[in-house]
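Chain by chain, the residues run as shown.
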Amino acid sequence: MIIKTILTGHSRGLGDALARDLLGRGHLLLGLGRSGNAALAGDFPERLREQRLDLSDLTALRDWLAGGQLHDFLADADQAVLINNAGLLQPVGPLGTQGGDAIAQALSVNLGAPLILADAFVAATAHCTDRRIVHISSGAARNAYAGWSIYGATKAGLDQHARAAALEHLPGLRIASLAPGVVDTDMQAQVRASDTAHFPQQARFAALKADGQLTAPAAAAGRLADHLLGERFGQCVDGDLRTL
């Protein structure tokens, strides 16, 4: 069986760990992102393809999709997977300090690109009897944090997209928007470096790191991959990976 996966944000953090896990399971993987992953390409030269794309540039994304490369990659897949992992934490801060450019960039990367890719993925996989989409969500989608209004709103948008798409009952499609927990990535380092005037919860996240309560990326990736590829995937459309 040919299993093909599209993964955004594969160059570092959870994305790198997910790519390694899935490539190790025999998937053929197309990584989409602003930068490549030379170490990953060196370790899996036969299974990894990379496409340099700035996901904040939705025009460039649409132009790439119009070129048919996604469709060609998926054409012979028996099982197809889309993981919308790429995301931006910034802008962090209260209304009036965020800036239009930073807001637009976050909306594109966190919400616009995933929705465009999901639509293109479904159109390109009509031949597949097993096709799966997972949006990487966050607890911030379901719990409001001062200073994270943009991040939380975009992640909540992914949750609602998954809920609505699941109700369409498209043939062979399973979809979910899952929060992976607090993972020890560069994004968490950004959180700990936040100005408390912009993010009042900064001390709480710093304490999680100090107390060793962050999940290692490889552990989170393994748990996510097990669930994503399992029979129960899609039964919970907007859950927390730690409780599934």
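As a reminder, the structure under discussion sits directly above these lines.
Structural notes, computed from the coordinates. This is a predicted model, so every value here is computed, not measured.

## Considering the pattern of salt bridges
Thinking step 1. Within the structure shown, the criterion is met by 10 salt bridges.
Thinking step 2. Between D16 and R20 there is a salt bridge, and its shortest N-O distance comes to 3.5 Å. One end of the pair, D16, and the other, R20, are both in helix 1 (residues 13-24), 4 residues apart, so they sit about a helical turn from each other.
Thinking step 3. Exposure remark for R20: the relative accessible area of 29% places this residue in the partly exposed category.

## Observations regarding helix 1
Thinking step 1. For helix 1, with 12 residues, the first-to-last C-alpha span of 17 Å sits near the 16 Å given by 1.5 Å per residue.
Thinking step 2. Taken together, the buried positions of helix 1 are occupied by L14, G15, D16, A17, L18, A19, L22 and L23.

## Side note on the pairing of strand 4 (residues 79-84)
Thinking step 1. Of all 6 residues that make up strand 4, 6 are buried, and the element is covered over most of its length.
Thinking step 2. Of the two faces of strand 4, the one holding Q79, V81 and I83 and the one holding A80, L82 and N84 are both buried throughout.
Thinking step 3. As judged from the 5 bridges shared by strand 1 (residues 3-8) and strand 4, these two strands associate in the parallel manner. Note on strand 4: the bridge partner recorded for L7 is I83.
Thinking step 4. Pairing of strand 4 with strand 5 (residues 130-136), which is carried by 6 bridges, proceeds in the parallel orientation. Across the sheet, L82 pairs through a bridge with I133, a residue of strand 5.
Thinking step 5. Traced from strand 4 through helix 5 (residues 100-124) to strand 5, the parallel crossover comes out right-handed.

## Examining the sheet that holds strand 3 (residues 48-52)
Thinking step 1. With parallel pairing, the 6 strands of this open sheet are ordered in space as 3-2-1-4-5-6. Each of the sheet's edge strands pairs with one partner strand only, and the pair in question is strand 3 and strand 6 (173-178). Each strand axis lies, on average, 15° off the axis of its neighbour in the sheet, ignoring direction.
Thinking step 2. Across the sheet, helix 9 (residues 217-229) lies against strand 4, strand 5 and strand 6, angled at about 145° from strand 5, the strand it touches most.

Reading guide: rules and limits
- Residues numbered from 1 in each chain as written.
- Predicted model: local features only at pLDDT ≥ 70, side-chain atom pairs only at ≥ 80, totals over all residues.
- Heavy atoms only, no water.
- Salt bridge = Lys/Arg side-chain N within 4 Å of Asp/Glu carboxyl O.
- Helix = DSSP H or I, 4+ residues; strand = E, 2+ residues; numbered from the N terminus.
- Buried < 20%, exposed > 50% of the residue type's maximum accessible area, 1.4 Å probe, protein only.
- Expected span 1.5 Å × (residues − 1).
- Pairing = 2+ DSSP bridges.
- Right-handed = clockwise from strand over helix to strand, strands pointing away.
- Axes fitted to C-alpha atoms, helices over the stretch in contact; angles between N-to-C directions.
- Contact = heavy atoms within 4.5 Å.

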